Amino acid sequence: MAASMAAAARRLRRAFRRSPLWGGLSRRPFSSEPPPASATAVRDAFLSFFRDRHGHRLVPSASVRPRGDPSLLFVNAGMNQFKPIFLGTVDPRSEMAGFRRVANSQKCVRAGGRHNDLEDVGRDLSHHTFFEMLGNWAFGGEYFKEEACRMAWELLTQVYGIPKDRLWVSYFGGDPKAGLDPDLESRDIWLSLGVCASHVLSFGPQENFWEMGNTGPCGPCTEIHYDLAGRGGAPQLVELWNLVFIQHNREADGSLQPLPQRHVDTGMGLERLVAVLQGTRSTYDTDLFSPLLDAIQQGCGVPPYLGRVGAADEGRTDMAYRVVADHIRTLSVCIADGVCPGMSGAPLVLRRILRRAVRFSTEVLRAPPGFLGSLVPVVVETLGDAYPELRKHSAQIVNLVSEDEAAFLASLQRGRHIIDQTLRRLGPSDLFPAEVAWSLSLSGNLGLPLDLVELMLEEKGVQLDSAGLARLAQEEAQHRSRQAEPAQERGLQLNVHALGELQRRGVPPTDDSPKYSYSLRPSGGYGFWVTKVFQAWRLGCMEKHTATHLLNWALRQTLGPGTEQQGSHLNPERLRFDVATQAPLTPEQLRAVEGTVQAAVGQDEAVYMEEVALARTTHVPGLRFLDEVYPDPVRVVSVGVPVAEALDLASQAALQTSVELCCGTHLLRTGAVGDLVIVGERQLSRGTTRLLAVTGEQAQQAREVGQALAQEVGAAAERLSRGSQDVVEAQRLSKDMGRLTDAVDTAVMPQWQRRELQAALKVLQRRANTAIRKLETGQAAQKTRELLRRHSEGPLIVDTVSTESLSVLVKVVRQLCERAPRTSVLLLSPQPLGHVLCACQVAQGTTPAFTAEAWALAVCSHMGGKAWGSQVVAQGTGTTADLETALRTARAYALNQL
């Protein structure tokens with residue numbers, strides 16, 4: 001028996017190593033039985049099983065954008081949203097604090113960070129960047145190993161009908177170094193459930209001890225595997241379900257301590273389960289992907305998907321199928337949850353995913369422009385019932401994907417042009433400059449992946465300066481580390497043991513209700529009942545907090561009810577508000593938003609606050625929810641309408657005013673906001689706009705600054721309309737336009753007014769520059785005629801011209817050469833304090849050694865100055881009190897070359 005168990009264990013270990021690549025071609029059924037239910041039915045059966053048979057509460061999937069967890073780029077496991085329970089930090093008043101047994105289907109993204117499957121997607125038949133994790137949880141010892149194993153076995157064998165002899169299980173075999181005994185309890189549970197003894201095997205901590213991270217809750221796990229081979233031959237195993245028994249905590253020193261409470265945390269990938277139940281060797285051959293693969297074939301006109309991998313996949317066509325199908329699912333889910341392609345963090349990862357999808361669709365599948373966006377409706381149809389946010393945001397997803405696809409294709413075209421230009425300047429053995437490659441990359445201007453740049457160079461037989469590129473990457477990393485915000489000092493942090501001990505002793509949670517103990521005095525000021533309160537700071541925060549609610553409401557009134565908040569932050573000086581937008585706000589929209597807030601402030605409406613049961617708020621039309629955990633009871637803040645009326649389903653009041661769930665402190669009347677001015681606006685990423693605003697006296701000052709600058713711009717426009725016959729005066733006016741532009745760009749002023757003045761100044765600057773060019777051209781023509789009268793026809797003109805502008809001097813040189821094409825010209829123009837301007841042009845057909853740049857350099861060096869230009873035209877400056885000697889030097893150099 002022991003020998004057979006050891007042999008089985010060796011087979012199982014070999015199978016484990018093979019399991020990530022399911023092997024073989026896809027579209028090969030496991031048995032002759034017809035495939036059972038659809039993926040939707042499989043998902044529904046899981047949820048119904050735990051809800052109806054075992055009393056679990058079904059909770060919705062959390063957003064893939066982590067809330068309050070900087071350790072994650074994306075939500076990558078079903079347990080992420082329950083980490084406060086595992087860590088003992090859950091708000092005891094929150095709905096989550098009451099969770100005992102729950103189940104759900106969680107959207108997960110594994111791309112970037114610790115769990116990154118991005119580069120593997122497409123290479124095999126099983127990896128994905130987006131997948132769905134089916135899970136059930138028991139918190140605080142609600143149930144533990146025996147119940148969890150029994151439920152899992154019941155679901156797989158009785159509900160899904162998987163043959164028992166195709167299932168293998170593993171359990172934790174102990175870790176003597178950590179002082180952990182084997183989990184014989186799990187082994188015995190499986191044996192009691194009827195699992196064949198040869199199919200129950202033990203493994204060490206690497207396989208069967210689950211940890212949240214380097215520190216934190218952890219515990220042994222038992223895994224259920226499916227044997228693809230079936231009867232006969234060595235098992236070919238794929239993991240289906242991981243049941244984790246959280247009972248320890250990994251301390252900072254590496255030791256393990258028992259947790260005050262035990263939890264069950266399980267996870268089973270839906271895509272893999274559906275593949276098993278539908279009798280296919282590939283997750284891509286399930287009905288979760290087949291509609292997408294069919295749409296790709298129809299949209300690109302390529303041969304059908306055959307599920308080939310490696311060398312068998314000629315031209316990487318099937319790999320491209322898998323990449324595009326996976327990535328469009330990830331893009332759709334992420335954008336629906338508010339993560340849009342951007343320049344850092346998770347948005348940057350999403351940008352790479354989109355551009356990887358574009359590369360494979362255009363270069364391998366030869367997809368037409370706009371193809372990726374056309375796949376979004378297929379994703380929505382496949383997943384929209386399970387995740388309604390996909391249907392809600394489908395139009396926005398299509399727009400963002402299509403816009404970014406078009407931008408990337410344009411960048412790709414410009415990148416090829418820049419590469420070709422650069423190659424023309426290189427010698428046969430030169431390395432491609434690292435600086436140019438960097439400018440093409442995601443870290444530079446065009447946003448092309450560096451591996452794509454290297455591939456484009458490889459196709460042309462050119463090698464990249466990899467050492468130089470590594471140096472630039474290091475410099476960029478150092479620059480970013482210097483620019484990074486300093487880490488905030490951490491206050492007292494209670495770990496899970498300290499929190500458990502406090503609960504054991506019956507110490508109640510901190511009561512923060514005194515922060516709401518303040519009142520509005522008849523004089524208009526506020527009285528605070530708590531004296532550790534800094535009144536000026538608190539009042540500033542209250543003012544900005546109420547203003548933030550009004551701004552949120554005003555944005556929805558202006559942009560439409562579907563407008564969603566993406567985040568906010570405030571301090572006594574200003575507030576920041578991130579909002580999901582289809583496009584940047586127009587000046588008219590910004591002004592309308594301000595006007596809506598001003599109207600509410602001017603009416604000095606009452607601000608009502610009341611704690612109510614969380615269940616009362618879930619179906620109120622217009623009530624703003626964010627994807628975060630709220631306490632129960634929850635505090636409701638309503639402007640102008642009593643909370644009870646706002647929550648009345650028949651009143652529709654929440655659609656007409658600002659009503660939000662909020663635990664912060666607020667003004668008691670809106671009038672104290674005084675005024676609100678949006679003073680800044682920028683795109684964080686496609687689809688997300690960040691607004692900065694000030695209130696009260698600062699808002700008034702911003703309006704005054706805006707009015708003053710508007711008057712200056714008006715005065716400049718009037719000066720320009722009068723015209724000028726003097727080049728110097730026109731140049732002075734142009735400089736004034738530049739100064740005004742800088743002032744408008746940096747001033748604290750209404751953003752709508754800034755945008756209007758910026759647009760006006762662009763027009764005025766163009767008009768000023770046009771006027772300057774006309775005056776300079778006219779002045780140059782006059783001086784050209786004078787010079788032609790002084791000089792007879794010949795190969796050389798060297799002379800002085802009176803002008804204050806180097807631009808005019810260059811124009812005179814060019815006009816002389818146009819009138820006398822066989823004549824080379826160099827002109828000097830004396831300036832105050834001995835400064836001299838220089839411009840020259842050599843005639844066509846002169847000797848190759850006679851260049852304008854060398855001529856100007858010879859003259860300007862003589863005057864202690866510098867020169868620049870090309871072989872034909874050049875200019876420079878210098879300083880001399882002896883202009884005649886400089887002219888003689890110019891003539892001598894030219895005659896020597898001629």
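Rules of the game
- Residues numbered from 1 in each chain as written.
- Predicted model: local features only at pLDDT ≥ 70, side-chain atom pairs only at ≥ 80, totals over all residues.
- Heavy atoms only, no water.
- Helix = DSSP H or I, 4+ residues; strand = E, 2+ residues; numbered from the N terminus.
- Buried < 20%, exposed > 50% of the residue type's maximum accessible area, 1.4 Å probe, protein only.
- Areas by Shrake-Rupley, 256 points an atom, 1.4 Å probe, with all protein chains shown as cover.
- Lys, Arg positive; Asp, Glu negative; His and termini not counted.
- Charge placed at Lys NZ, Arg CZ, Asp CG, Glu CD.
- Patch = residues over 30% accessible without salt bridge, like charges linked within 9 Å, V, L, I, M, F, W, Y side chains within 5 Å.
- Salt bridge = Lys/Arg side-chain N within 4 Å of Asp/Glu carboxyl O.
- Phe/Tyr/Trp six-rings, centres within 6.5 Å; stacked < 30°, edge-to-face > 60°.
- Lys NZ or Arg CZ within 6 Å of the ring centre and 35° of its normal.
- Pairing = 2+ DSSP bridges.
- Axes fitted to C-alpha atoms, helices over the stretch in contact; angles between N-to-C directions.

1. Some words on the overall build of the chain
Helix and strand counts for the chain stand at 26 helices and 23 strands. Viewed in the frame of its principal axes, the chain has a C-alpha envelope of about 115 × 80 × 55 Å. The proportion of buried residues among the 898 residues of the chain is 50%. Carbon and sulfur atoms make up 50% of the accessible area of the chain, which totals about 41,800 Å². Averaging the positions of the 96 positive and the 97 negative side-chain charges in the chain gives two centres separated by 3 Å.

2. Looking at a nonpolar patch on the surface
On the surface, L494, L502 and V507 cluster together into a nonpolar patch covering about 220 Å² of accessible area. Summarising the element assignment, L494 is placed in the loop between α16 (466-483) and α17 (496-504).

3. Quick notes on the packing of aromatic side chains
Counted by the stated rule, this structure contains 17 aromatic pairs. Note on F46 and W241: the rings are 5.9 Å apart at their centroids and 55° apart in plane angle, and the pair reads as tilted. Taken together, the residues span a long stretch of sequence, with F46 in helix α2 (residues 39-53) and W241 in strand β8 (residues 237-250) at a distance of 195 residues. Of the two residues, F46 and W241, both sit in the buried class. Aromatic side chains Y284 and F289 sit 4.7 Å apart centroid to centroid with 50° between the ring planes, which places their arrangement in the tilted category. Each of the two residues, Y284 as well as F289, counts as buried. Lying over the aromatic face of W752, R591 brings its terminal NZ or CZ to 4.0 Å of the ring centre. Positioned above the aromatic ring of Y516 is the side chain of R635, whose terminal nitrogen or guanidinium carbon lies 3.6 Å from the ring centre.

4. Description of the environment of A252
Mapping A252 onto the fold places it in the loop between β8 and β9 (256-269). For the pair A252 and N214, spaced 38 residues apart in sequence, the C-alpha separation works out to 7.9 Å.

5. A look at the pattern of salt bridges
As enumerated under the stated definition, the model contains 37 salt bridges in all. For R43, the salt bridge is made with E132, and the minimal N-O distance between the two is 2.9 Å. A residue pair is termed long-range when its members are at least 10 positions apart, and R43 in helix α2 and E132 in strand β3 (residues 130-138) qualify at 89 residues. Here R43 falls in the buried class, since its relative accessible area comes to 4%. Its relative accessible area of 0% is what places E132 among the buried residues. The partner of K811 in a salt bridge is E776, and the shortest N-O contact between them spans 3.1 Å. Of this pair, K811 sits in helix α24 (residues 806-819) while E776 is found in helix α23 (residues 751-790), placing the two residues 35 residues apart along the sequence. Three or more residues joined by partner-sharing salt bridges are found here, namely D91, R93 and E611.

6. Some words on the sheet that holds strand β12 (residues 565-570)
Paired through backbone hydrogen bonds, the strands of a sheet run either parallel or antiparallel to each other. Pairing is antiparallel across the open sheet formed by four strands, whose spatial order is β12-β13-β18-β17. Pairing within the sheet leaves two strands with one partner each, and these edge strands are β12 and β17 (676-685). Adjacent strand axes in the sheet meet at a mean angle of 20°, parallel and antiparallel pairs treated alike. Of the pairings in the sheet, the one linking β17 to strand β18 (residues 688-695) comprises eight bridges and is antiparallel in character. Residue pairing in the sheet places S685 in a bridge with T688 of β18.

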